[in-house]
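Given next are the chains, with one letter for each unit.
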Amino acid sequence: MLRYIWLEAKRQWRNREILIFRLGIPAAIYLILIAAQDEPPRASGELPWATGRMVALVALAAVMSGLASGPSLGEERGNGWLRQLRVTPLRPSAAVVAKIVVAMSFALPAIAVVAAIGGVTADITLSAGRWVQVIGLMWVATASVAAVGTLIGLTFGAESAQNATTLAFVVLWLLGGIFTPVSQMPDVLAAVGRSLPSHGIVAVGDSVALGTVIPGSAIAVLAAWTAAAGSLAVLAWRRVMSR
């Protein structure tokens, strides 16, 4: 499995379009927001606004990198690349884990770049240890979205996978606490938002940055999405290979 992970990562990291999309767009959006947005007043004890915005954009980078595996997998299904793996001893569960790991390999630098921009230009003051925790734990939480992206790619063809990925991104972005905090949404939408993996990623970042305990509900949501999407992706992999 490690060899397959290495080959997949090397193949995808050579694609400049993938690099620009997964690494450049979140950073560009963050720079634009830094230049355009003014800081509103906040109540004492709350997470500083600039830090909260940085966490939200880190979550955006995580979601974009995680879901981007969907269209890539859809194309691999269409061009026959996945069918060539039938002759290998690679187990479906190992293959799905490898796809998730490769997607996460893009998420880590994307998250780090956004965090670095926040530390340099947005006057965010966190200790070195806190920065490492924010980046590291939010990156680990990205596994949930990477599992969803892998499931999309194994379920839909190339064009359909692109459309499904776009829809998933919009839902996770708008309802998952990235675009608007869940606390500011109507009750029904807030309930939906708290059940999404993007909200779990944001909750992890907010809690670590503020120095509080990560909510158990966020951990449960992230674990549930990772397990459910990963298991369904294994079943989808078996179905694709059996054709």
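Above this text is the structure in question.
Residues numbered from 1 in each chain as written. Predicted model: local features only at pLDDT ≥ 70, side-chain atom pairs only at ≥ 80, totals over all residues. Heavy atoms only, no water.

Q: Help me out: how do you make sense of the nonpolar core in this one?
A: One recurring pattern in soluble globular proteins is that nonpolar side chains are buried together. Counting residues in each nonpolar core, the largest one holds 61 residues, and the members touching the most others are Met54, Leu67, Met138, Leu154 and Ile201. Listed by contribution, the elements that provide at least two residues to this core are α2 (16-36), α3 (49-67), α5 (92-121), α6 (128-141), α7 (143-155), α8 (158-175), α10 (197-210) and α11 (216-242). Looking at which element gives the most residues to this core, the answer is α3, with 12 residues. By size, the runner-up hydrophobic cluster in this structure holds 6 residues, among which are Ile5, Ala9, Ile18 and Ala98. (Core = buried A, V, L, I, M, F, W, Y, C linked by side-chain atoms within 4.5 Å. Buried < 20%, exposed > 50% of the residue type's maximum accessible area, 1.4 Å probe, protein only. Helix = DSSP H or I, 4+ residues; strand = E, 2+ residues; numbered from the N terminus.)

Q: Explain empty space enclosed by the protein here, please?
A: In this approach, a probe sized like a water molecule rolls over the atoms, and the result shows the empty space that is left. Scanning the entire structure with this criterion turns up 1 cavity of 30 Å³ or more. As a volume, the largest cavity reaches approximately 50 Å³. Lining the largest cavity are Gln12, Arg22, Ser69, Ser72, Leu73, Glu76, Lys99, Val102 and Ala103. At the level of secondary structure, the elements contributing two or more residues to the lining of the largest cavity comprise α4 (69-79) and α5. At 4 residues, the largest contribution of residues to the lining of the largest cavity is made by α4. (1 Å grid on protein atoms, 1.4 Å probe; cavity = no way out; pocket = protein on both sides within 12 Å on 5 of 7 lines; lining within 4 Å. Points joined across faces, edges and corners; volume = space filled by probe spheres on them.)

Q: For this particular structure, what's the right way to read α4?
A: The periodicity of an α-helix, 3.6 residues per turn, causes residues three or four positions apart to be oriented the same way. Among the 11 residues that make up α4, 8 are buried, leaving the element largely enclosed by the rest of the structure. Inspection of α4 places Ser69, Gly70, Pro71, Ser72, Leu73, Gly74, Glu76 and Arg77 among the buried residues, and these make up the whole buried set.

Q: In this structure, what is going on with the environment of Ala94? I would like to understand it.
A: Along the chain, Ala94 turns up in helix α5. Separated by 125 residues in the primary sequence, Ala94 and Ile219 have C-alpha atoms spaced 24 Å apart.

Q: Sorry, what's going on with the packing of aromatic side chains here?
A: Across all of its chains, the model carries 2 aromatic pairs by this definition. On the basis of an interplanar angle of 10 degrees and a centroid distance of 6.0 Å, the ring pair of Phe169 and Trp173 is categorised as stacked. Within this pair, Phe169 and its partner Trp173 are both found in helix α8, separated by 4 residues, close to a single helical turn. Judged by its relative accessible area of 29%, Trp173 is partly exposed. Pairwise contacts between aromatic rings join Phe169, Trp173 and Phe179 into one cluster. (Phe/Tyr/Trp six-rings, centres within 6.5 Å; stacked < 30°, edge-to-face > 60°.)

Q: Looking at this structure, I do not really get the layout of surface pockets. What am I missing?
A: Roughly 550 Å³ of volume is contained in the second largest pocket. Lining the second largest pocket are 21 residues, and of these Ile18, Arg22, Ala68, Pro71 and Ser72 lie nearest its centre. At the level of elements, α1 (2-13), α2, α3, α4 and α8 are the ones that each hand at least two residues to the lining of the second largest pocket. Here the lining of the second largest pocket is built from residues that sort into 9 nonpolar, 7 polar and 5 charged. (Nonpolar A, V, L, I, M, F, W, Y, C, P; charged D, E, K, R; others polar.)

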